[in-house]
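Structural features, examined
For reference, the chains in residue letters:
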Amino acid sequence: MAEIPSGSAQKAVDSFDVQEFIDSHGDRLLRSAYLLCGDETEAQDLVQETLIQAIRSWRRFRGESAIYTWVHGILLNLCRRYHRKQKRLVYDEELVLKETFQSDHAQEMDQDFYAARLTKAMQELSQEHREVLILRYFENMKIDEIARQTGVSSGTVKSRLHYAVRCLEQLIPQEMNLFASDGTNHKES
Amino acid sequence: MNCEDFNDRLPEFLEDALSTADQAAAREHVQKCVACQQALAQQEALAKTIRLSFHRETQRLSLRPETKRNILNTLKRPEFPPTAWENIQGFFAVLWRHPAWAGTVLLCLVLLVSGRRFYQDSARPSSAQATVKDNRITYYIDIPIQTEMHVYRRQNNMVVDAVVTESSVIEASFSENMRSSPSSQPRIN
């Protein structure tokens, strides 16, 4: 894992390790940002801002967690700010989602379609519930780690996870059978 | 361990975060209980489905070269110090996150304002006031007057006297022409 070198910020910028830092964390952060905000262009902007903030304020990193976890915390804060701004835009996203699903329903229900449907359903969850799902199932964090990262108790994390999963089950059509205990429609890739 | 306990601790059981004794008790319970076996299988299927969906939906994403360039170019530019408005915003953002600090700041403000008013009130002269009209200055002063009154009354064929003291304040004013010496005789209202 790339570490930001010691020295001035200008020196850090000019050094090779910044490039390495961006290369090693950029893609993973982008994927997490995409799941959090649901838009690739916005995700690129969010990751750009995250990495700039992280490199500029790297002295504040106290080594209490992995550096990726620390950078991801910055990303979470920026995503929250992004969603607060988005709340001011009023449009009928639910209608768009329904239309998309109906028009695509006749298509072959392949695995990519399930994944896209699940990701779209994620966007209907609240920011808090989406965060815990992504930290748990994308970042593979443990309950305690999620609690530290989001600043809530472990009990709240478990409760949010439980609620988020129940919501997803309601949002995903039954015929997809995504959450059946006898297996999934996906194959291991 | 019963079914309720097992379901409550299922997330920790899956991530092997229970104590050794609890983990063993949970494993023992799930081997005997069909309902909990199904719950466990459903949780595992759910986690697998969500992880695969997230992976499929995001595997195509990578940080664009122009985003990387933007990051490096931004970092090479000198960082401008925050403006006064940004500082104010930052201050209120900190207060918003820490209600105890906000309460302390509010209390300090209240004490500051009330202390200033108290100081101004105590520093103001209590009686002497002056008004200027038609080239004449009129001074108003409060004069405390104490009067004693002897009261005689008959009680059991004896004359009893008492001294009653009354205090009052009268307002006196005297004026002077701005070009001449002040009048020596004050006028009592």
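Note that the structure is predicted; figures quoted are calculated from it, not measured. (Residues numbered from 1 in each chain as written. Chains lettered and ligands numbered in written order. Predicted model: local features only at pLDDT ≥ 70, side-chain atom pairs only at ≥ 80, totals over all residues. Heavy atoms only, no water.)

Brief notes about the overall build of chain A
Here is the rule: Think of it this way: any DSSP run of H or I at least four residues long counts as a helix, any run of E at least two long counts as a strand, and we number them from the N terminus. Type-normalised accessible area, obtained with a 1.4 Å probe on protein chains alone, sets the label of each residue: buried when under 20%, exposed when over 50%, and partly exposed for intermediate values. Contacts between residues were defined by any pair of non-hydrogen atoms, one from each residue, lying within 4.5 Å. Using a 1.4 Å probe, accessible areas were evaluated by the Shrake-Rupley method; residue-level cover was limited to the displayed protein chains.
Of the regular secondary structure elements, chain A holds 9 helices and 0 strands. In chain A, which comprises 189 residues, the share counted as buried stands at 46%. A fraction of 64% describes how many contacts in chain A between residues 6 or more apart in sequence connect residues 24 or more apart. Carbon and sulfur atoms make up 46% of the accessible area of chain A, which totals about 9,900 Å².

Topic: the side chain of E131 of chain A
Locating E131 of chain A in the fold gives a position in helix α7 (residues 127-137). We classify E131 of chain A as buried; its relative accessible area is 3%.

What to know about the confidence of the model for chain B
Residue and element names in this part refer to chain B. Selection criterion: Think of pLDDT as the predictor's per-residue confidence, scored from 0 to 100.
Taken as a whole, chain B shows an average pLDDT of 81; of its residues, 88% reach a score of 70 or greater. Taken element by element, chain B is modelled with least confidence in strand β4 (residues 187-188), mean pLDDT 59, and with most confidence in helix α3 (residues 20-32), mean pLDDT 88. This prediction of the complex comes with two scores: 0.59 for pTM and 0.71 for ipTM.

Things to note about the pairing of strand β2 (residues 136-155) of chain B
Residues and elements named next belong to chain B. For the record, the criterion: Paired strands are those between which DSSP finds at least two bridges.
Alignment of strand β1 (residues 129-133) against β2, held across 5 bridges, turns out to be antiparallel. When the bridges of β2 are listed, K133 appears paired with R136. Two successive antiparallel strands, β1 and β2, enclose a turn made up of 2 residues, where D134 displays a positive phi of approximately 50 degrees. Note: β2 against strand β3 (residues 158-177), 20 bridges, orientation antiparallel. Across the sheet, M149 pairs through a bridge with V164, a residue of β3.

Focus on the pattern of salt bridges
Using the following cut-off: Criterion for a salt bridge: a side-chain nitrogen of Lys or Arg within 4 Å of a carboxyl oxygen of Asp or Glu.
Summed over the entire model, instances satisfying the criterion amount to 7 salt bridges over all chains. For the salt bridge of R60 of chain B with E40 of chain A, the shortest nitrogen-to-oxygen distance reads 3.5 Å. Linking R60 of chain B in the loop between α4 (34-58) and α5 (65-76) with E40 of chain A in helix α3 (residues 40-56), this pair reaches from one chain into another. The exposure class of E40 of chain A is partly exposed, given its relative accessible area of 26%. Between E28 of chain B and K32 of chain B there is a salt bridge, with the nearest N and O atoms lying 3.4 Å from each other.

Quick notes on the interface of chain A and chain B
We apply this condition: In short, buried area is how much 1.4 Å probe accessible area vanishes from two parts on joining, totalled over both. Polar contact is the term for a pair of N or O atoms within 3.5 Å; when the atoms are in protein, one must be able to donate a hydrogen and the other to accept it, and sequence-neighboring residues count only if both atoms are side-chain atoms.
Counting residues at the interface gives 51 residues for chain A, matched by 38 residues for chain B. Both sides together, the interface formed by chain A and chain B hides about 4,400 Å², and carbon and sulfur atoms give 60% of it. Looking only at chain A, the three residues that lose the most surface to chain B are Q44, R56 and Y137 of chain A, adding up to 15% of its buried area. Counting the contacts that link chain A with chain B gives 16 residue pairs in polar contact (both at pLDDT 80 or more). Counting only elements with at least two residues in the side of chain A that touches chain B, the list comes to α1 (9-14), α2 (16-37), α3, α6 (111-122), α7 and α9 (154-171) of chain A. Per-element tally for the side of chain A that touches chain B: the top contributor is α2 of chain A, with 10 residues.

Structural notes on the layout of surface pockets
The following threshold applies: With a 1 Å grid spanning the protein atoms alone, the term cavity applies to any set of points in which a 1.4 Å probe fits but cannot get out, the term pocket to an open set with protein on both sides within 12 Å along at least five of seven lines, and the term lining residue to any residue with an atom within 4 Å of a point. Grid points are joined across faces, edges and corners, and a volume is the space filled by probe spheres set on the points.
Roughly 490 Å³ of volume is contained in the second largest pocket. Forming the boundary of the second largest pocket are 20 residues, of which H162 of chain A together with N7, L10, P11 and Q43 of chain B lie nearest the centre. If you list the elements that add at least two residues to the lining of the second largest pocket, you get α7 and α9 of chain A together with α1 (3-8), α2 (10-14) and α4 of chain B. With 7 residues, α4 of chain B is the largest single contributor of residues to the lining of the second largest pocket.

A word on the packing of aromatic side chains
The condition that has to hold: In this scheme Phe, Tyr and Trp rings, the latter by its six-membered ring, pair at centre separations within 6.5 Å, and the angle between planes marks the pair as stacked below 30 degrees, edge-to-face above 60, and tilted otherwise. Definition used: whenever NZ (Lys) or CZ (Arg) falls within 6 Å of the ring centre and also within 35 degrees of the ring normal, the charge is taken to sit over that ring.
Summed over all chains, the structure comprises 4 aromatic pairs over all chains. Seen from their ring centres, F138 of chain A and F54 of chain B are 6.4 Å apart, and the 70 degrees between their planes marks the pair as edge-to-face. Taken together, the positions of F138 of chain A in the loop between α7 and α8 (143-150) and F54 of chain B in helix α4 put the pair across two chains. We classify F138 of chain A as buried; its relative accessible area is 17%. Residue placement shows R28 of chain A over the ring face of Y68 of chain A; its charged tip is 3.8 Å from the ring centre. The ring of Y137 of chain A is capped by R136 of chain A, whose NZ or CZ atom sits 5.7 Å from the centre of that ring.

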